[in-house]
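Structure assessment
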Amino acid sequence: MPAVTVDNILALPRLSETTPDATPRPVLAVTTAPTGYEGEGFPVRRAFAGVEMRHLDPFIHMDQMGEVNYAPGEPKGTPWHPHRGFETVTYMIDGTMEHQDSNGGGGVISGGDTQWMTAGGGILHIEAPPEKLVMSGGLFHGVQLWVNLPKDNKMAAPRYQDITGSKVALLSSPDGGGLIRVIAGELDGHQGPGSTYTPITLLHATIAPGASVTLPWNPEFNALAYVLAGDGTVGTERRPVHMGQTTVFGRGDTITIGAADTQDSRTESLEVFILGGRPIREPVAMAGPFVMNTKAEVIQAFEDFQAGRLGSIPAAHETLS
């Protein structure tokens, strides 16, 4: 699991030590993601299944894509499809993904890169492994997150952010036991590169066996942690967690996550995707690729898509649709 790493973690800026008056966030729930398939048939874990929407807001949906080692000819993606009313965030850990959209955005992302697409008022896009990877096969692993947009931004102009791994803010825990990558938002005064409509924080933490990390967390934000790989504990109560499980934290000032003393043969450390944001607290109506505030708006989105008002597939790609 390469993502973004460093040779000397102790050379990085370090998180501040927790203050004695900080309130640890308790663990409210731990859920296990069911498996499924997305797009043309690539395997996913539905990270938020079983989590109440009030604990997710402003997030809507998250899939762990893979981890899968494809044989030659097996890699799959998603065909052209529409979105409206939210943002898609695709974070690649292993492998390579190509993105193209009807607004002219797109690019190639690989280990540690993120593509951030604001669907806003409407867009068509496609995500697929490059032909070279399809031919050779190889390791594929990533995360796709859906971030809701507030009512006033539902119909914002589409945009695309190409966030390479070199742009993320890298931090060390005070003792060097944890490497934290800040993809978006702010942590302890350190800002990630992702630009967001809704105040959120997205992190990928690698925690060495036996180490523990306590993160300061905005008390106005909710807090979630999804285990990408490895075994560990969450909260000061040290509740056990493992790959494919999501932790919902309660209110407080800090999040504590620890790695088990020994990990399985597939991973050297505990890998965790940590996220939180200020709840939007608006009605959510969603169906398929659309996330709106009312059922009527969802119906309108389907009608606009069918009428071609969400954009068109670029001519160079029409034969691939």
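**Quick notes on helix α3 (residues 295–306)**
Over its 12 residues, α3 runs 17 Å from end to end, which matches the ideal 16 Å to within 8%, given 1.5 Å per residue. Buried residues of α3: V298, A301 and D304, and no others. One side of α3 carries all its buried residues, which in axial view fall inside an arc of 120°. Of the residues in α3, the exposed ones pointing more than 90 degrees away from the buried face are K295, A296 and Q306. Summarising the contacts, the buried residues of α3 are in contact with β25 (285–287) and β26 (290–292). Immediately downstream of α3, the backbone of G308 shows phi near 80°, a positive value.

**Considering the pairing of strand β10 (residues 123–128)**
Of all six residues that make up β10, five are buried, and the element is covered over most of its length. In this sheet, β10 lies alongside strand β7 (residues 97–101) in antiparallel orientation, the contact comprising four bridges. Its bridge partner lying in β10, H99 is registered against E127.

**Notes on the packing of aromatic side chains**
Going through the model one piece at a time under the given rule, you end up with four aromatic pairs. Aromatic side chains Y91 and F273 sit 6.0 Å apart centroid to centroid with 25° between the ring planes, which places their arrangement in the stacked category. Note that Y91 is positioned in strand β6 (residues 86–94) and F273 in strand β24 (residues 270–277), a separation of 182 residues in sequence. The buried category is assigned to Y91, whose relative accessible area is 2%.

**Overview of the environment of Q263**
You can see Q263 is positioned in the loop between β23 (254–259) and β24. Separated by 193 residues in the primary sequence, Q263 and Y70 place their C-alpha atoms 24 Å from one another. Ignoring sequence-local partners within four residues, the contact set of Q263 consists of P209, G230, D231, E268, S269 and L270. Reaching out from Q263, the side chain makes a polar contact with the backbone nitrogen of D231 at a distance of 2.7 Å. There is a polar contact of 3.2 Å between the side chain of Q263 and the backbone oxygen of A260.

**Structural notes on the pairing of strand β11 (residues 138–148)**
The buried count for β11 comes to 10 of 11 residues, which makes it a mostly enclosed element. Here strand β4 (residues 59–70) runs beside β11; their pairing, made up of 10 bridges, is antiparallel. Bridge assignment links G66 to a residue of β11, and that residue is H141. With eight bridges connecting them, β6 and β11 associate as antiparallel partners. The residue of β11 that forms the bridge with D94 is H141.

**Details of a nonpolar patch on the surface**
Taken together, the side chains of M53, V284 and M286 present a nonpolar region at the surface, about 230 Å² in accessible area. Mapping M53 onto the fold places it in helix α1 (residues 53–56). By relative accessible area, M53 is classed as partly exposed at 36%.

**A closer look at the side chain of H204**
The topology assignment puts H204 in strand β17 (residues 200–207). A distance of 2.6 Å separates the side chain of H204 from the side chain of Y91, its partner in a polar contact.

**Brief notes about the nonpolar core**
Residues F48, F59, M62, L145, L202, F273 and L275 are the most contacted members of the largest nonpolar core, which totals 31 residues. Of all the secondary structure elements, the ones that give two or more residues to this core are β4, β6, β11, β14 (178–184), β17, β19 (223–229) and β24. Among residues more than four places away in sequence, those in contact with L275 are F48, F59, M62, L145, T201, L202, W217, N222, A223 and L224. In this structure, V30, A169, F249 and I255 belong to the second largest nonpolar core, which totals 28 residues.

Cut-offs applied
- Residues numbered from 1 in each chain as written.
- Predicted model: local features only at pLDDT ≥ 70, side-chain atom pairs only at ≥ 80, totals over all residues.
- Heavy atoms only, no water.
- Helix = DSSP H or I, 4+ residues; strand = E, 2+ residues; numbered from the N terminus.
- Expected span 1.5 Å × (residues − 1).
- Buried < 20%, exposed > 50% of the residue type's maximum accessible area, 1.4 Å probe, protein only.
- Arc of directions from axis to C-beta.
- Contact = heavy atoms within 4.5 Å.
- Pairing = 2+ DSSP bridges.
- Phe/Tyr/Trp six-rings, centres within 6.5 Å; stacked < 30°, edge-to-face > 60°.
- Polar contact = N/O pair within 3.5 Å; in protein donor to acceptor, adjacent residues only side chain to side chain.
- Patch = residues over 30% accessible without salt bridge, like charges linked within 9 Å, V, L, I, M, F, W, Y side chains within 5 Å.
- Areas by Shrake-Rupley, 256 points an atom, 1.4 Å probe, with all protein chains shown as cover.
- Salt bridge = Lys/Arg side-chain N within 4 Å of Asp/Glu carboxyl O.
- Core = buried A, V, L, I, M, F, W, Y, C linked by side-chain atoms within 4.5 Å.

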